[in-house]
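Examination of the molecular architecture
One letter stands for each residue in the lines below.
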Amino acid sequence: MSRGALVSWTNTELERSFKEIAELLELDGADRFRVRAYERAAAAAAAAREDLGTVERERLTEVEGVGSSTAEKIIEWREHGSMSLLEDLRARVPSGVRELTGVPGLGPKLARRLHDELGVDSLDALRAAIDAGDVAALSGLGAKRAENLRAGLSRLGGKDADRHPIGDVLPLAERLVRELEELPSARAAAYAGSLRRLRETIGDLDVLVATHHPGDVRAAVPELGPVAEVVSGGDRKLHVRSRSIDIGIDIRFVPPDAWGAALCYFTGSKAHNVRVRERAVRRGLSLNEYGLWRDETRIAGSTEEEVYVALDLPWISPSLREDTGEVEAGDSGHLPDVVEPADLCGDLHGHSDWSGDGRASLDEMVAAAASRGWDYWAVTDHAIGLAINGLDTDGFARRREAIAELRPRAGIAILDAVELNIAVDGSVDFDDAELAGFDLCVAAIHTQMDRPRDVQTRRVLTAMANPHVHVIGHLTGRKIGRRPPIDLDVDAVVAEAVRTGTALEVNGSPARLDLSGELVRKAVEAGATLTISSDAHEPGELRNVETGVGTAQRGWARAADVLNCRDADGLRAFVDEKRTGRG
DNA sequence: GCCGTTTTCGGCCCGACTGTTTTCAGTCG
Ligand SMILES: Nc1nc2c(ncn2[C@H]2C[C@H](O)[C@@H](COP(=O)(O)OP(=O)(O)OP(=O)(O)O)O2)c(=O)[nH]1
Ligand SMILES: [Mg+2]
Ligand SMILES: [Mg+2]
Ligand SMILES: [Zn+2]
């Protein structure tokens, strides 16, 4: 885990402590609004742009969601490294009770009763109590409830508690949406939830269907390709399990005229929804998944924009809907005009079969890039330093001829570019004379990912000092859920990127999303220039720029922050400035 | 526990589904 991704270690610790307080208070039967206050304090600590470990006491309550009580606890944590409320709760709430709420359908109220009335303090004890008939015998419970809990317990054994990398879920979601759209009874279908917001990991897949005939859609769902089984559901929603990967899918049916309001609801996040709905309430309105209402009259709901505008807000991009200040920013007109896919003038990282892992010819890649209406496309085949059939000097000379031959009929400017490999000492594949022959050089780490922080940091800083290195590709090298980011002093890297005029890539490959939204935010705040890249190895992957744009949005990046939102002249000026050196 | 262009007290998002409580609380989205 790269600590550099965070605003501060203290903020993360505060988030954890407030979350735990909220959870334990709930198990302890506390007032639910008090619980929510601590949940919000946790979210506020996570979203804070300042280090709460050093902010002056008087200014702590300026943070939305931090009042006098929370501020005192922050001070207490600073001075003693602990919070007495949390210690008390840990002592009062038996440790085994917490894991009980992980069982589907078992919430804080029942967990508490199981412990107090049956002495259940673990999942094993719960299983035994169900087998003994003690659970069914509790007042207010019965045989059915006990059996549901048994089923929930058995599902807990699998991997379904885990979150899934977004790159694994996206293809499944697209297949499911396509099949739902093809049903005659469905007017429209779309995925929503954390996937639409482009979170890095997905807990479950949420799919919305617009239909006048939910019964017909529901009847067709068990036969859809991606669906393994229907687990539960009613007239308006279904819960199913996926076949390809072990993930839950929530499918929600709504009338077509409520599409916008329903998309708002199902896209979330929950905290964003609550924030927006509170805003509606303060205006004497009510927002639900069927529309925005004044008394019994619907005043908005067919499109998302209609809903936001009726609440005096600009439409907020799904990637921003995390309740990290976007509603307040929208209210005051300070929501950044975040980068959109249409702002892109080209793509600065992509491959052809000239080098080892490209899966399409240069002609095919260029044609696909041109068909997107871009001004330019950089072909960044790998160089010799990488053991996957990278090109040597002669190879690039031959590719240069092919590019020259293709240019007159390409319909798009082709940048003769390269993806260099950054060796452990920070050097790259070619010397300056050879590098000067390229229109653009992207450099990235592909090997020796487990070196210590100081080595990796120096490695990247050295590469950025090279006047021919214009972009650092996929800075951390992480593969979501599969390979951790390299250990790096991100603040130092970002500062040096600004100083040397080196761009930092937002690699849009769904397996990477690197920079992450979090790091984008950090880079943008420091004034760094970004690129948004597909890293396409075949034409179908050019659309990775869209996940890249969404990730940049999560970091509140504007088009002005993004190098490949500049026209060809602007791009050339950036490249030349790096080569000729600055101040 | 937080918060205020109604408010410093009294509200706090809103709905689907389940089970057994004959009228709704708990859980989840
Ligand atoms: N208004 C409101 N909406 C909610 C609430 N809980 C969930 N939602 C909405 C917003 C969520 O994004 C959406 C889907 O719920 P999920 O539990 O699947 O969450 P989400 O997809 O955001 O994250 P995930 O990756 O699945 O954990 O439903 C709630 O308490 N109130
Ligand atoms: Mg979800
Ligand atoms: Mg869900
Ligand atoms: Zn690449």
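These figures come from a predicted structure and were not determined experimentally.

Attention shifts here to the coordination of the magnesium ion (ligand 2). At this site the magnesium ion (ligand 2) is bound by Asp 204 (O), Asp 204 (OD) and Asp 206 (OD), with donor distances of 2.0 to 2.6 Å. Each of the six donor atoms bound to the magnesium ion (ligand 2) contributes to angles spanning 67 to 171°, and the resulting shape is irregular. Separation of the magnesium ion (ligand 2) from the magnesium ion (ligand 3) amounts to 3.5 Å, with Asp 204 serving as a shared donor to the pair. By relative accessible area, Asp 204 is classed as partly exposed at 24%.

What follows concerns the coordination of the zinc ion (ligand 4). Looking at the zinc ion (ligand 4), one finds its protein donor set to be His 349 (NE2), His 351 (NE2), Glu 419 (OE) and Asp 535 (OD), positioned 2.1 to 2.3 Å from the metal centre. Classification of the site at the zinc ion (ligand 4) as irregular follows from its four donor atoms and the range of 79 to 162° in their angles at the metal. The motif formed by the donor residues of the zinc ion (ligand 4), counted along the single chain, is H-x1-H-x67-E-x115-D. Taken together, the positions of His 351 in the loop between β11 (346-347) and α18 (362-371) and Asp 535 in the loop between β17 (530-533) and α24 (544-554) put the pair 184 residues apart, joining distant regions of the chain. As far as burial versus exposure is concerned, His 351 and Asp 535 are alike and both buried.

Looking at DNA strand B, there are 46 residues lining it, with Arg 36, Thr 70, Gly 142, Arg 236 and Glu 278 nearest. In DNA strand B, the atoms that sit within 4 Å of the protein are 77% sugar and phosphate, with bases accounting for the remainder. The contact in question runs from a phosphate oxygen of DNA strand B to an N or O atom on the side chain of Arg 36, over 2.4 Å. Interatomic distance of 3.4 Å between a backbone N/O atom of Ser 69 and a phosphate oxygen of DNA strand B. Listing elements by their share of the surface near DNA strand B, those giving two or more residues are α2 (32-47), α4 (68-80), α7 (108-118), α10 (143-156), β7 (248-254), α15 (270-282) and β8 (286-288).

The feature "domain: Helix-hairpin-helix DNA-binding motif class" (unreviewed entry), as given by UniProt, occupies residues 58-77, 98-117 and 133-152 in the numbering adopted here. What you have in residues 58-77 is 65% helix and 0% strand, and the ends, taken at the C-alpha atoms, are 16 Å apart. Secondary structure across residues 98-117 comprises 65% helix and 0% strand; the distance between its end C-alpha atoms is 16 Å.

What follows concerns the state of the cysteines. Enumeration over the complete set of coordinates arrives at zero disulfides. Here Cys 565 stays free of any disulfide, with the sulfur of Cys 345 as its closest cysteine sulfur at 6.3 Å. We classify Cys 565 as buried; its relative accessible area is 17%.

This part covers the sheet that holds strand β2 (residues 188-191). The mixed open sheet is built from five strands, whose spatial order is β2-β4-β7-β6-β5. In this open sheet, the two edge strands, each paired with only one partner strand, are β2 and β5 (227-233). Going from strand to strand, the sheet's axes swing by 25° on average, the running direction of each strand aside. Here strand β4 (residues 205-210) runs beside β7; their pairing, made up of six bridges, is parallel. Note that in β7 the partner of Val 207 across the bridge is Ile 251.

Below, the discussion takes up the site of ligand 1. By nearness alone, 15 residues border ligand 1, and Arg 163, Ser 194, Gly 203, Asp 204 and Asp 206 come closest of all. Between ligand 1 and Ser 194 there is a distance of 2.5 Å, counted from an oxygen atom to a side-chain nitrogen or oxygen. Take Gly 203: an N or O atom from its main chain is 2.8 Å from an oxygen atom of ligand 1. A total of 590 Å² of accessible area belongs to ligand 1 in isolation, and the protein chains cover 72% of it. Listed by contribution, the elements that provide at least two residues to the shell around ligand 1 are α12 (193-196), α14 (259-267) and α15.

Calculation rules
- Per chain, residue numbering runs from 1 following the sequence as it is written.
- Each chain gets a letter, beginning with A, and each ligand a number, beginning with 1, in the order they are written.
- pLDDT decides what is reported in this predicted model: residues at 70 or higher carry local features, side-chain atom pairs at 80 or more are listed and counted, and totals for whole chains, interfaces and linings draw on all residues regardless.
- Hydrogens and water are ignored here; the side-chain numbers use all heavy atoms of the structure.
- Metal donors: N, O and S atoms at distances within 2.8 Å, or within 3.2 Å for Na, K and Ca, with water omitted from the atom set so that some sites may seem incomplete.
- Metal sites are grouped by the angles between bound donors: all angles between 85 and 135 degrees with four donors is tetrahedral, opposite donors over 155 degrees apart with the others between 65 and 115 is square planar for four donors and octahedral for six, and any other pattern is irregular.
- Buried residues are those whose accessible area, probed at 1.4 Å on protein chains only, stays under 20% of the maximum for their type, while exposed residues exceed 50% and partly exposed ones sit between those limits.
- Working definition: helices are DSSP H or I runs of at least four residues, strands are E runs of at least two. Numbering for both runs from the N terminus.
- Nearness is defined per residue: one heavy atom within 4 Å of the molecule or strand is enough.
- Think of a polar contact as two N or O atoms within 3.5 Å of one another; within protein, one of them needs to be a possible hydrogen donor and the other a possible acceptor, and neighboring residues in sequence only count if both atoms come from side chains.
- UniProt positions are given in the numbering used here, feature names are shortened, and annotations may be inferred rather than shown by experiment.
- Criterion for a disulfide: a pair of cysteine sulfur atoms at a distance within 2.5 Å.
- Strands are labelled as partners when DSSP assigns at least two bridges between them.
- Axis lines are fitted through C-alpha atoms, for helices just across the contact stretch, and the angle between N-to-C directions can take any value from 0 to 180 degrees.
- Accessible areas in this description were obtained via Shrake-Rupley with a 1.4 Å probe; residue shielding takes into account the shown protein chains only.

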